[in-house]
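In case you want the letters, here they are:
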Amino acid sequence: MGFNLAPLQNLIDQFERMQGIGHKTAQRMAFYVLGLSDAEANEFAKAITDAHTKIRQCQICCDLADDELCPICKSGNRDKSVICVVEDPRDVAAIERTHEYKGTYHVLHGAISPMDNIGPDQIRIKELVARLSDDTVEEVIMATNPTVEGEATAMYISRLLKPMGITVSRLAYGVPVGADLEYADEVTLSRALEGRSLI
């Protein structure tokens, strides 16, 4: 069904740009927004604007934060000798749901993908290496997605870190190959963390 109302069509188009949102879902979301009161619509718009302007990257781990440091890097209860390297902030949330991991994180914001012109300099590898200069870190767990790009990224980082004398491990394959961490259940992620192996 086409819409002749330009503002409505524009709203649908904006929702449809979101990853994983098809045309019908975008239409439902647009009509939901139209059904909001003026106050609710303003609150919705403010939430989007606030998230966009107030959320930044943690200065240590590059995860999302609303301050200079994220809550995990601020915490005195986390094991600073272990860093779990993930591709995306959503992966941090997925691992945190297991309540098994007590170390810190490093978010790469992507994976090495020559096909997409994404090399090591386009993701947060330099920031990771900089964190390892004070001899605090003893182990780096590679928790990149089990895809070709994720594996390539894990191998690249492993080769960078091994000369530094740091133990580099990889999540065990409790996570299905080709799947994204954010969609894995807590039990699968817990087993993958427990069964990680050296690379």
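Residues numbered from 1 in each chain as written. Predicted model: local features only at pLDDT ≥ 70, side-chain atom pairs only at ≥ 80, totals over all residues. Heavy atoms only, no water.

Participant: So, the nonpolar core: which residues are in play, and what are the values?
Facilitator: If you look at the biggest cluster of nonpolar residues, it comprises 23 residues, and the most contacted ones within it are Cys-84, Ile-95 and Tyr-101. Broken down by secondary-structure element, the contributors of at least two residues to this core are α4 (71-74), β3 (79-86), α5 (89-96), β4 (103-107) and α8 (186-194). Those residues in contact with Cys-84, other than ones at most four positions away along the chain, are Ile-95, Tyr-101, Thr-104, Tyr-105, His-106, Ile-141 and Ala-143. Ranked by size, the runner-up nonpolar core spans 16 residues in total, among them Ile-83, Val-85, Leu-161 and Ile-166. (Core = buried A, V, L, I, M, F, W, Y, C linked by side-chain atoms within 4.5 Å. Buried < 20%, exposed > 50% of the residue type's maximum accessible area, 1.4 Å probe, protein only. Helix = DSSP H or I, 4+ residues; strand = E, 2+ residues; numbered from the N terminus. Contact = heavy atoms within 4.5 Å.)

Participant: Just give me the short version of the sheet that holds β4, but keep the residues and values in it.
Facilitator: In a beta sheet, neighbouring strands pair by backbone hydrogen bonds and run either parallel or antiparallel. Strand order across the open sheet formed by five strands is β4-β3-β5-β6-β7, with mixed pairing between neighbours. Both edges of this open sheet fall to β4 and β7 (197-198), since each of them pairs with a single strand only. The pairing of strand β5 (residues 139-142) with strand β6 (residues 167-170) spans four bridges and is parallel. Paired with Val-140 across the bridge in β6 is Val-168. Strands in contact with α5 are β3 and β4; relative to β4, the strand with the most contacts, it is inclined by about 160°. Sheet strands touched by helix α7 (residues 148-161): β3, β5 and β6. Its angle to β6, the strand with the most contacts, is close to 170°. (Pairing = 2+ DSSP bridges. Axes fitted to C-alpha atoms, helices over the stretch in contact; angles between N-to-C directions.)

Participant: Describe the pairing of β5, naming the residues involved and giving the relevant values.
Facilitator: Covered by surrounding structure in β5 are Glu-139 and Ile-141 together with Val-140 and Met-142, the residues of both alternating faces. Two elements, β3 and β5, share four bridges in a ladder whose sense is parallel. Considered in β5, the bridge of Cys-84 is made with Ile-141. Viewed along the sheet, the connection from β5 through α7 into β6 turns out right-handed. (Right-handed = clockwise from strand over helix to strand, strands pointing away.)

Participant: Break down α8 for me, with residues and values.
Facilitator: Turning to α8, its buried residues number three or more, namely Thr-188, Leu-189, Ser-190, Ala-192 and Leu-193. Turning to α8, the residues buried within the fold contact α5.

Participant: Got a sec to walk through the pattern of salt bridges? Specific residues and values, please.
Facilitator: Any two side chains of opposite charge can pair, given that their charged atoms come close. In the structure shown here, the tally under the stated rule is eight salt bridges. For Lys-74, the salt bridge is made with Asp-67, and the minimal N-O distance between the two is 3.1 Å. Judged by its relative accessible area of 36%, Asp-67 falls in the partly exposed class. Here Arg-78 ties to Glu-96 by a salt bridge, and the two come within 2.8 Å at their closest N and O atoms. You can see Arg-78 sitting in the loop between α4 and β3 and its partner Glu-96 sitting in helix α5, a full 18 residues away along the chain. Here Arg-78 falls in the buried class, since its relative accessible area comes to 16%. Using a relative accessible area of 24% as the deciding quantity, one classes Glu-96 as partly exposed. Linked by salt bridges that have partners in common, Lys-46, Asp-50 and Lys-54 make up one network. (Salt bridge = Lys/Arg side-chain N within 4 Å of Asp/Glu carboxyl O.)

Participant: Break down the packing of aromatic side chains for me, citing the residues and quoting the values.
Facilitator: Following the criterion strictly, the structure yields one aromatic pair and no others. Ring plane angle 65° and centroid distance 5.1 Å describe the contact between Tyr-101 and Tyr-105, whose orientation is recorded as edge-to-face. The exposure classification of Tyr-101 matches that of Tyr-105, with both residues buried. (Phe/Tyr/Trp six-rings, centres within 6.5 Å; stacked < 30°, edge-to-face > 60°.)

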